[in-house]
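As a plain string of letters, each chain reads:
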Amino acid sequence: MNTATTEATGWHKVLVRHPLFLPVLTLIVLLLVNRAFNAHFFHIENKDGHLFGSLIDILNRASPLALVALGMTPVIATRGVDVSVGAIVAISAATAAVLIGGQMHIVNGVEVYVSNVPLPVAIAGALAVGLLCGLWNGALVAYVGMQPIIATLILMVAGRGIAQLLTAGQIITIYYQPYFFLGAGFLGGLPFALYIVAAVGVVLWFFTQRTALGLFVTAIGINPTASYFAGIKARAIMLCVYGFSGLMAGAAGLIISSNVKSADGNNAGLLMELDAILAVTLGGTSLAGGRFSLVGSLIGALIIQTLTYTTYSIGVPPEANLVVKAVVVFIVCVVQSEPMRKLIIRDPILQGASR
Amino acid sequence: MNAAASDLPHQNTGEAILHMTGIEKRFPGVHALKQVEFRLFPGEIHTLMGQNGAGKSTLIKVLTGVHPADAGQIVFAGNAVKLDSPEAAEAAGIRTVYQEVNLCPNLSVAENIYIGRFPRKAGRIDWPTMHENARTLLATLSLDLDVTRALDAYPIAIQQMVAIARALSVDAKVLILDEPTSSLDEDEVQKLFTLLRQLKARGMAILFVTHFLEQTYAVSDRITVLRNGEREGEYLARDLPRLTLIHKMVGREIDPDQLAKPQWADSKPGDTFINAQSISRRGSMQALDLDIRAGEVLGLGGLLGSGRTETARLLFGVDKCESGDLNVGGQTARFSSPRDAIKAGIGYCPEDRKSEGIIADLSVRENIILALQARQGLFRYLPRKRQEAIANDYIQHLGIKTPHAEQPIGLLSGGNQQKALLARWLATDPKMLILDEPTRGIDMAAKLEIMDQVLALCRKGLAILFISSEMSEVVRVSNRIAVLRDRHKVGELPAGQTNEHAVFHMIAGGEQ
Amino acid sequence: MNKPSLSTRLTDPRTLPLLITLGLFLLMFGYGSVAYRGFFSAQVFCNLFIDNAFLLIVAIGMTFVVISGGIDLSVGGLVAVTTMISATLVQSHHWPIWVVTPLVLLLGALFGAFQGVLIQYFRLQPFIVTLGGLFLTRGLCFLINIESITISDPAYTAVSEFRLHLPYADISANVLIAAVVFVGALWLAHYSEFGRVVYAIGGSERSALLMGLPVARTKVLVYTLSGFCAALGGVTFTFYMLSGYGLHAQGMELDAIAATVIGGTLLTGGVGYVTGTLFGVLILGVIQTLITFDGTLSSWWTRIVIGALLCVFCVLQRLLDSHASKRRTGRAAVGKTVAPAVAAGDATPAEMVAQQH
């Protein structure tokens, strides 16, 4: 709900009512919990011009999820959902691995890495496959008229099969040094993956601030029929939104495969769809569509990665991570749910508006 | 305002089966019912009348347990009852048939009648008995249906009757019909009324809610009028002249005669802007000829379901024409989406403002610039300053009452939402506006303001198609009136010959 | 009047997908019989049941959920956690089979009820709640044990090895359990009040509420039933595999949904058949058998073919749906916005009801 209706009564109220207040607070609390268990948690050191430390590590590892969550945000804002992103990550990773493959030759005692196709072609190929998957989803939703959950479920079912088809059922190992830069390289002291996230963030910021995309997506999410009647090219926008989600999943697939130096059709990006949905929800975007927050989704991705880090650092077995996330899903959903909000916030405007 | 109970007219000497007193209901920001009293006698059809927002539907919802009353007493069959849920109302013997058929389209006719209290045999549903019972019950309503077929295989009118059958399948003492006739044609309405009279003769107490004056007088024994959440009075239908009834509903502040007075713009209409030659669409509209000139208001006369909204949807490209020619601004046009129509300079304020018009959680500003921005496209984004200028301009110009342009439009009153929608189209600098029920559900003062706006726009040279179920409003603003019946055009009243009587005459089938 | 002809009945959009499914199954089985030697035998046919009994049980639970207009993505995890709990209790704690089985069934039903309560009383979307449930159950598996636990308990092996000898083929205990579940589900769907209310909710939740039907209770019960079926699927899976493992039944939720949809159940709710789901499961089984018999095709083709079939059936449902609304040219269809495909992600009935009140 838009808070512009309430008079500003002191900066603290404005702060508390800010949509990003809760996500940021959650992140800070999580970071402080980590600090309590690990005195060196905030410590960042410079090794050979590369920055190292827990915070950098969290940022770096959160980047694939951040990308997928950024892609998922507009989808959810249009009342949709994309449950196929995990499968698309696997397909994209498989594509990249197959295209690059790579061998190491020793020429005159020097290691020379050779890829099957030039690196840019492989990257473009993997991204294109992701985009294609997304457009397929978008076409089913926007032009065939399927419910988003169903349309994307199809690719969720078939996607891992396709990924395995590409890798012939094997876990393909990549032997091409330059490719690893994507997921593990450093630039100016920071992990390269962060620059990818930043670039995507800037592009998205441009699109939501300097074009009408944000307005149209929000309008479609709140009232698709009225948006269509107002002349918005709703179908085209939905197609783009799902296409973008696929593209982001493709990019995440690249980073992940570069990070683990292999592509596993069965397990790459496994259950990533839930992580992404969770990140978006944690960031304050409602699953019912409408207003969305890209910064919120980024913070959501960081929260999830920090949570993972926390479960490791407080000594809970890593397998419990899934349980912790599930509990967070339940709590966040219940807190955000309408009956709960009515219970907590006795705000007559909010109550009246929800009628 | 409340007449004392002793003053109320009596027809039956019997006790009222239902007596509601001092009913109070508040919603945030709205005092929907103020000390309302209501009585219902067995063997009587009692019509609840009132303008939109008078509290009719709230009173019905109190009675059906959907929104329990905040205060007040309900005496049913001699006992004080608490109706705090639909189940409680059902259990008491209060049955409701709603405007939109509230049955399950996927279940069979028989199931829709008996679900919740299936006949059983050995712990399982006894289908043969149920089908037999359903056939027998429907036969008493003169209906012969295949009760095993899914409900949605039948037209709405039949579904409506099945809903009544469901209500009657148990020992109902009170039958509430909430605007059941809105989607029925005249023939079907008569069938329904015959049924109601039968039920009345059997001693059923019937509460009937409708907008239609004709229907009110056709079946009612008693009329209760609500206005602004208060009871204006309870009358025997035969003692209440129509004009008085209208006065009671509208209140005394506005002279209904003034509404009836034609106000149409006396400007000289210009060139023909839109010209439709026998456009049609199966199941929607039969060969329709229509032309509207710049600086002219064309009114569409016709009853609900006569094809008014369908006409608007064809002209705006929501539904595609299957045959016929459409000429817009001197060029042949084929609209395959609202976008095409918007590009041709047409704007459309739809009938269902909430679900097809406003985008509730967006601000007034965003709602106003939306169509303009959609036409500009994704990349030519209007700068925020420009948006604010446009929005504030229209807020001032049309007198939209909102604290500021950033208020979510959903929080505005109906009339102000309608003005904002008008602003949305005016911002695109249109050549023609299609206004489908622009005055529905808004108060009288706002209605007049909207109609004045329409006339002002017409004087500025816009072509306007004006649709309203309030015939007086159509007559008031239109230069010419095209009259529809049963999804085709039956005639047109030229400028200077528009009056309500002529429209009704034409609808009724008098050839002219 | 109005007695529809047989052909109208058969091409009714509610029964057509079921017929197509039946035809498809016969076609695939027929193709296999012609193309591969040894395919056409009673044992191959019975093996379809033996190898998919657990899937059938899970899919039947799913069918009720989908008919009610919901979805349950947690079933695969629930199957896995059931195998895990069973195996742990039997192997490490030596609990007897007749204590373990009712216990895990109860746990499954309780978990389903928990999800149902979240969905119904907090008005959450089924897919997000049950996706959370999937995380939780899979996570619980690994909390119990990361490794696979093999069961050597004599009672379990006895049930697992049990074969009922029919004239030309054998069937396992799992098939008998599935058969009981199938008959029970048929009864529940067509002869019980609960079943019909499930259909009613799927058709129009708002109407069901206004008709005074026990909507809240039924919706919670539907997820409870699905949880119970998933746990029973887990029990049969334990008999089938004789082990408990956190990675068991990966993606089974998707198979169950696919079987349900291929069996003619509308994902939008209100229409569906338990019998259809049986054939949906059989089709998935035949695909697997065909690929095994072929020998040159790899296992991942199963997933791709299932995905393709799912897609075809979803598109078919869409087409029939829009055809049906065109056919009803009465006022009913026209007055309503035959909104463009844009309105795809409509609010769920639950939300609509929430807004109305």
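Computed from a prediction, not measured in an experiment: that's the story for all the values here. (Residues numbered from 1 in each chain as written. Chains lettered and ligands numbered in written order. Predicted model: local features only at pLDDT ≥ 70, side-chain atom pairs only at ≥ 80, totals over all residues. Heavy atoms only, no water.)

A word on helix α3 (residues 54–77) of chain A
All names here are of chain A. We apply this condition: Runs of E in the DSSP output that reach at least two residues are strands. Runs of H or I that reach at least four are helices, and both are numbered from the N terminus. Any helix carries an expected span of 1.5 Å times its number of residues minus one. Note that bend, as reported per residue, equals the angle between axes fitted to the 7 residues terminating at that residue and the 7 residues originating from it. Burial classification: accessible surface area is computed with a 1.4 Å probe over protein chains only, and a residue below 20% of its type maximum counts as buried, one above 50% as exposed, and the rest as partly exposed.
For α3, with 24 residues, the first-to-last C-alpha span of 32 Å sits near the 34 Å given by 1.5 Å per residue. Taking the largest bend as the criterion, α3 deviates by roughly 45 degrees, centred on Ser63, and proline Pro64 comes between one and four positions later. In terms of burial, α3 is largely enclosed, as 20 of its 24 residues are buried. Directly beyond the C-terminal end of α3, a positive phi value near 75 degrees is found at Arg79.

Some remarks on the UniProt feature "transmembrane region" (unreviewed entry) in chain C
All names here are of chain C. This is how the line gets drawn: UniProt positions are given in the numbering used here, feature names are shortened, and annotations may be inferred rather than shown by experiment.
Taking the numbering used here, the UniProt-annotated feature "transmembrane region" (unreviewed entry) corresponds to residues 16–36, 48–67, 97–121, 127–146, 167–189, 220–242, 254–287 and 299–320. Structurally, residues 97–121 is divided into 100% helix and 0% strand, and its ends, taken at the C-alpha atoms, are 36 Å apart. Within the segment residues 254–287, helix and strand shares are 68% and 0% respectively, and the terminal C-alpha atoms sit 15 Å apart.

Notes on the pattern of salt bridges
Pairing of side chains with opposite charge becomes possible as their charged atoms draw close. All names here are of chain B. Convention followed: We count a salt bridge whenever a side-chain nitrogen from Lys or Arg sits within 4 Å of a carboxyl oxygen from Asp or Glu.
By the definition in use, this model includes 30 salt bridges over all chains. With a shortest N-O distance of 3.9 Å, Asp291 and Arg480 are connected by a salt bridge. Of the two residues, Asp291 sits in strand β14 (residues 285–293) while Arg480 sits in strand β21 (residues 480–485), which places them 189 residues apart along the sequence. Accessibility expressed as a relative area gives 26% for Asp291, which makes it partly exposed. Using a relative accessible area of 8% as the deciding quantity, one classes Arg480 as buried. Salt-bridge contacts for Arg308 lead to Glu437; the nearest nitrogen and oxygen are separated by 3.5 Å. Pair noted here: Arg308 is in helix α10 (residues 308–315) and Glu437 is in the loop between β19 (432–436) and α16 (444–459), with a separation of 129 residues, a long-range link. Judged on exposure class, the residue Arg308 and its partner Glu437 are both buried. Where salt bridges share partners, they join Glu37, Arg39, Glu44, Arg222, Arg231 and Glu234 into one cluster.

Description of the nonpolar core
Test applied: We define a nonpolar core as any set of buried Ala, Val, Leu, Ile, Met, Phe, Trp, Tyr and Cys residues linked to one another through side-chain atoms lying within 4.5 Å. Contacts are assigned to residue pairs that have any heavy atoms within 4.5 Å of one another.
Judged by nonpolar contacts, the single largest core of 327 residues is most densely connected at Ile277(A), Ile368(B) and Ile464(B). Broken down by element, the residue count for this core peaks at 14 residues, all from helix α3 (residues 42–67) of chain C. Residues contacting Ile277(A), with those up to four places away along its chain left out, are Met72(A), Ile76(A), Val81(A), Val83(A), Leu287(A), Phe127(C), Ile128(C) and Leu131(C). In this structure, Met20(B), Leu63(B), Ala205(B) and Leu207(B) belong to the second largest nonpolar core, which totals 26 residues.

As for the packing of α3(A) against helix α12 (residues 272–282) of chain A
Residue and element names in this part refer to chain A. We count it as follows: Fitted lines through C-alpha atoms give the axes, limited to the stretch in contact for helices. The angle between two N-to-C directions lies from 0 to 180 degrees. What sets the label is the angle itself: under 35 degrees gives roughly parallel, over 145 gives roughly antiparallel, 65 to 115 gives roughly perpendicular, and the rest give oblique. Throughout, a crossing is termed right-handed when the near helix is turned clockwise from the far one, and left-handed when it is turned anticlockwise from it by less than a right angle.
Two elements in contact, α3 and α12, have axes separated by 8 Å at closest approach and are oriented at 65 degrees. One finds that α3 runs roughly perpendicular with respect to α12. Relative to α12, α3 is oriented so that their crossing is right-handed. Of the residues in α12, those touching α3 at Pro64, Leu65, Val68, Ala69, Met72, Thr73 and Ile76 are Met272, Glu273, Asp275, Ala276, Ile277, Ala279 and Val280.

Some points on the packing of aromatic side chains
Counted only if it meets this: Stacked, tilted and edge-to-face pairs are distinguished by plane angle, under 30 degrees for stacked and over 60 for edge-to-face with tilted covering the rest, among Phe, Tyr and Trp rings (Trp via its six-membered ring) whose centres lie within 6.5 Å. Charges are assigned to positions over rings by a cutoff of 6 Å between ring centre and Lys NZ or Arg CZ, combined with an angular limit of 35 degrees from the ring normal.
Tallying each qualifying case throughout the model produces 30 aromatic pairs over all chains. Between Phe206(A) and Phe207(A), the ring centres sit 5.7 Å apart and the planes meet at 90 degrees, which makes this aromatic pair edge-to-face. For Phe206(A), a relative accessible area of 41% translates into the label partly exposed. Given the relative accessible area of 24%, Phe207(A) is considered partly exposed. Measuring from centroid to centroid gives 5.8 Å for Phe29(C) and Phe45(C), while their planes differ by 85 degrees, and the two rings are edge-to-face. Within this pair, whereas Phe29(C) is found in helix α2 (residues 16–35), its partner Phe45(C) is found in helix α3, the two being separated by 16 residues in sequence. With relative accessibility at 11%, the residue Phe29(C) sits in the buried group. Grouped by ring-pair contacts, the aromatic residues Phe25(C), Phe29(C), Tyr31(C), Tyr36(C), Phe39(C), Phe40(C), Phe45(C), Phe49(C), Phe279(C) and Phe293(C) constitute a single cluster. Its guanidinium or amino end placed over the ring of Tyr191(C), Arg124(B) lies 4.8 Å from that ring's centre, counting from NZ or CZ. Over the ring of Tyr199(C) we find Arg196(C), and its NZ or CZ is 4.5 Å from the ring centre.

Comments concerning a nonpolar patch on the surface
Our working rule: Each patch is assembled from residues with relative accessible area greater than 30% and no salt bridge, linking like charges that lie within 9 Å and nonpolar side chains (Val, Leu, Ile, Met, Phe, Trp, Tyr) that lie within 5 Å. Computed by Shrake-Rupley with a 1.4 Å probe, the accessible areas treat only the displayed protein chains as cover when residues are assessed.
A surface patch of nonpolar side chains, about 510 Å² in accessible area, is lined by Leu22(A), Leu25(A), Val29(A), Val33(A), Phe37(A) and Ile314(A). Following the sequence through the fold, Phe37(A) ends up in helix α2 (residues 21–37).

Focus on empty space enclosed by the protein
Defined as follows: A pocket here means an open set of points on a 1 Å grid, computed over the protein atoms alone, that has protein on both sides within 12 Å along at least five of seven lines. A cavity is instead a set of points where a 1.4 Å probe fits but cannot get out; residues with an atom within 4 Å of a point line either one. Grid points are joined across faces, edges and corners, and a volume is the space filled by probe spheres set on the points.
Here the structure, examined in full by the defined rule, presents 2 cavities of 30 Å³ or more. Put simply, the largest cavity is a space of about 210 Å³. Lining the largest cavity are 17 residues, and of these Glu90(B), Thr96(B), Tyr98(B), Leu210(C) and Met211(C) sit closest to its centre. Among the elements of the structure, α2 (86–92), β6 (94–97) and α5 (156–168) of chain B are those that each provide at least two residues to the lining of the largest cavity. Looking at the lining of the largest cavity, the element that brings in the most residues is β6(B), giving 4 residues.

Details of helix α6 (residues 148–167) of chain A
Residues and elements named next belong to chain A. In this model, α6 (20 residues) spans 28 Å end to end at C-alpha, consistent with the 28 Å of a helix rising 1.5 Å per residue. Taking the largest bend as the criterion, α6 deviates by roughly 35 degrees, centred on Ala158. Positive phi shows up at Ala168, right after α6, with a value of about 55 degrees.

Structural notes on the interface of chain C and chain A
Just so we agree on the cut-off: Buried area is a sum: the accessible area each of two parts loses on coming together, probed at 1.4 Å, counted once for each and added. Identification of polar contacts relies on pairs of N or O atoms within 3.5 Å, with a donor-acceptor requirement for protein atoms, meaning one able to donate a hydrogen and the other able to accept it, and with residues adjacent in sequence counted only if both atoms are side-chain atoms.
Counting residues at the interface gives 51 residues for chain C and 55 residues for chain A. Between chain C and chain A, a total of about 4700 Å² is buried, with carbon and sulfur atoms accounting for 81% of that surface. On the surface where chain C and chain A come into contact, there are 0 salt bridges. Taken together, chain C and chain A are joined by 4 residue pairs in polar contact (both at pLDDT 80 or more). Among the secondary structure elements, those contributing two or more residues to the side of chain C that touches chain A are α5 (97–121), α6 (126–144), α12 (252–262), α14 (300–327) and α16 (349–356) of chain C. The greatest single-element share of the side of chain C that touches chain A, amounting to 14 residues, is contributed by α6(C).

Considering the pairing of strand β3 (residues 103–107) of chain A
Residue and element names in this part refer to chain A. Convention followed: For two strands to be treated as a pair, DSSP must find no fewer than two bridges joining them.
Sheet topology places β3 next to strand β4 (residues 110–114); 5 bridges connect them, and they run antiparallel. The partner of Met104 across the bridge, within β4, is Tyr113. Hairpin connection from β3 to β4: 2 residues lie between these consecutive antiparallel strands, with Asn108 at a positive phi of about 55 degrees.

Observations concerning the side chain of Arg227(B)
Residues and elements named next belong to chain B. Structurally, Arg227 can be placed in strand β11 (residues 222–227). Here Arg227 falls in the buried class, since its relative accessible area comes to 13%. A polar atom in the side chain of Arg227 sits 2.9 Å from the side chain of Glu232.

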